[in-house]
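Topology and contacts: notes
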Amino acid sequence: MARALLSVENLETHFLLQRGAVVRAVDGITFDLNEGETLCIVGESGSGKSVAARSILQIVDRPGKIVGGRILLNRYDGDAATPREIVDIAALGRTGTAIRGVRRNDISMIFQEPMSSLSLVHRCGDQIVEAITLSQPELGRDLAWTRAIELLAQMQLREPEQVAGQYPFELSGGMRQRVMIAMALASNPRILIADEPTTALDVTTQAEILSLISGLQNRLGLGVIFITHDMGVVAKVADRVAVMNHGKIVEQNSVGRLFAAPTHPYSRMLLASALRLEAPSPKKQVAALPVTDAPAPEPLLSVRNLAKTFVSRRGLFNPRVREVRAVDGVSFDVMPNQNVGVVGESGSGKTTVARCIVGLLDNSGGSIRYRGADNHTIELSGRKRVARDPILRDIRMIFQDPFSALNPRMSIGQIIAEPLLMNQVRHGAALRERVGELLSLVGLEPRMMERYPHAFSGGQRQRIVIARAIALNPRLVVADEATSALDVSLRAQILDLLLDLQTRLGLSYILITHDISNIRYFCDRVVVMHRGKVVEDGSVADVLDSPRDPYTQRLIASVPRPDPARHVNA
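Everything in this summary refers to the structure shown in the same document. Computed from a predicted structure; not experimentally measured.

Conventions used here
- Residues numbered from 1 in each chain as written.
- Predicted model: local features only at pLDDT ≥ 70, side-chain atom pairs only at ≥ 80, totals over all residues.
- Heavy atoms only, no water.
- Helix = DSSP H or I, 4+ residues; strand = E, 2+ residues; numbered from the N terminus.
- Rg over C-alpha atoms; globule rule 2.2 N^0.38 Å.
- Areas by Shrake-Rupley, 256 points an atom, 1.4 Å probe, with all protein chains shown as cover.
- Lys, Arg positive; Asp, Glu negative; His and termini not counted.
- Charge placed at Lys NZ, Arg CZ, Asp CG, Glu CD.
- Expected span 1.5 Å × (residues − 1).
- Buried < 20%, exposed > 50% of the residue type's maximum accessible area, 1.4 Å probe, protein only.
- Salt bridge = Lys/Arg side-chain N within 4 Å of Asp/Glu carboxyl O.
- Axes fitted to C-alpha atoms, helices over the stretch in contact; angles between N-to-C directions.
- Parallel < 35°, antiparallel > 145°, perpendicular 65-115°, else oblique.
- Left-handed = near helix turned anticlockwise from the far one by under 90°.
- Contact = heavy atoms within 4.5 Å.
- Nonpolar A, V, L, I, M, F, W, Y, C, P; charged D, E, K, R; others polar.
- Pairing = 2+ DSSP bridges.

Looking only at helices and strands, one finds 20 helices and 20 strands in the chain. A compact globule built from 570 residues should have a C-alpha radius of gyration of about 25 Å, and the chain, at 26 Å, falls within 12% of that. Carbon and sulfur atoms provide 49% of the accessible area of the chain, an area that totals close to 26,300 Å². The distance from the centre of the 67 positive side-chain charges to the centre of the 60 negative ones in the chain is 4 Å.

So this is what it looks like as structure tokens:
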């Protein structure tokens, strides 16, 4: 039998707020972790799963505090069957030699966003060396540096010596995450906690990171606690699953049994939400066009040979000029009432295309032709879009991060009213009435207009961004990763909301995403981009079910599906 590494018993972590209010973020959870096992803790945002993970290392942000329960760490000598020492981490407190020893030698953690965990002013190699020397002070600087290079090589990074000499901001997201994993393994831990380590990554990079963690676990015999809200990731990596909701574990089972027959209603809801995105939305009404002699409808937007080159200069006296061709000859059409998805990895150029269409960037070549409501075609390339430009009313954008897209000093009523005021569409009581209508359209109460963005959840903030985007009755909405930061249940809700608005308002959408399930659920056509070029373009069914390009095939094969049987031999 595998040795037990960790036992969590009735753990309670509370946040003590002002006026005696208490948030029971973790409310009496119990689970075990064995050697060589992956335990996935799954749940939506706010379920308490990340607080539970942080409690194990005593790194919960104040005013959070462990108020009850035990976290028993078993330490073994070699291959001994019984532990030589059992440490209750919950009794150690936040500081002191004992808890530092746990963090240094026994348990390591990989965080969701490496840029917030890595120092931007120190080389990656130096940061790994620091982690090595903290746990193995007997090693000198030279040996520690050699060990750092070895760790980076184990992370399957090409040219690990070069990566060691670079700073985090010089690396891609996937490379930074690999550096974080190397740092986590520098102390030779027995337990690895991975807190949403692939949420911000595209699907191919995510697949590489998941495979890397699995390979390291098998080779080193690690016990892994994997925190996620993605049921596809759970199906791919888990041995056992603990489902959390409102601070409690509502179900705990093997991965096969959980997916085959979930026992708790919340588990069934999570699984149903994931499976829901495996097929086109029932709200999509794709009707066959009648066969007539009438000419085919003209495109609402026609992009032809679009190009965008970024130029950077480095050096003060003899600057080196570097050109990056981010978009290289992209062409596609958007028809009236059609949803076109643009999919690809990070760096493929899809967001640059979106920003050129809405006028946030000037394209370097090609054309962007828009057909207005009067049936006249307008060339958008080179057009200066100043205030009250009718194009700014017709083409609107929904941004990826709703919190950074909303001014924290303005109420949501002011935020939604801003484009109406700038275009002198409504004033006074009529303006307030229109804001109330928009909030109702996106499923929020009009009485909420006096609140500020911080008072809303992520899904509610995204609804506010959508309300602002449709305030001027646009004809085309560009949604840039509009659901990437949301839980799977919220993702389906937001996409369904956009489809409802399409039916009511006659909208067309360009959906920028790296998530294949969003494409299948929401879009009519899909444009696949790779390194600035379109490698495949066609109907969703044709491209996703019978991809022709090798890149598209690899992209689709990388998607973790919510079915453990698909991943048995993967």
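Resuming the write-up.
Bringing helix H7 (residues 203–220) into the picture now. Between its first and last C-alpha atoms H7 spans 26 Å; for 18 residues at 1.5 Å apiece the expected length is 26 Å, and the two agree. All buried positions along H7 are accounted for by Val 203, Thr 204, Thr 205, Gln 206, Ala 207, Ile 209, Leu 210, Leu 212, Ile 213, Leu 216 and Gln 217. Count one or two residues on from H7 and you reach Gly 221, which has phi positive near 70°.

Here the structure, examined in full by the defined rule, presents 28 salt bridges. Between Asp 500 and Lys 283 there is a salt bridge, with its nearest N and O atoms 3.3 Å apart. Remark: Lys 283 occurs in the loop between helix H10 (265–276) and strand E11 (301–314) and Asp 500 occurs in helix H17 (residues 488–505); sequence separation between them is 217 residues. With a closest N to O distance of 3.8 Å, Glu 536 and Arg 548 form a salt bridge. Remark: Arg 548 occurs in the loop between helix H19 (540–545) and helix H20 (550–557) and Glu 536 occurs in strand E20 (residues 533–539); sequence separation between them is 12 residues.

Across the interface, helix H16 (residues 458–469) lies against H17 with an axial gap of 10 Å and an inter-helix angle of 20°. Between H16 and H17, the angle is such that the two are roughly parallel. Classified by chirality, the crossing of H17 by H16 is right-handed. On H17, the residues touching Gly 459, Gln 462, Arg 463 and Ile 466 of H16 are Leu 490, Gln 493, Ile 494, Leu 497, Leu 498 and Leu 501. Taken together, the residues of the contact of H16 with H17 break down into 6 nonpolar, 3 polar and 1 charged.

Below, the discussion takes up the sheet that holds strand E17 (residues 476–480). Within a sheet, each strand pairs with its neighbour through backbone hydrogen bonds, oriented either parallel or antiparallel. Ordered by their spatial adjacency, 6 strands build an open sheet running E16-E17-E18-E13-E19-E20, and the pairing between neighbours is mixed. Here the strands that pair on one side only, and so sit at the sheet edges, are strand E16 (395–398) and E20. Here the strands of the sheet are splayed against their neighbours by 15° on average, with no regard to which way each runs. With 5 bridges connecting them, E17 and strand E18 (residues 508–513) associate as parallel partners. Opposite Leu 476, over in E18, you have Ser 508 as the bridge partner. Sheet strands in contact with H17 are strand E13 (339–343), E16 and E18, and its direction is about 160° off that of E18.

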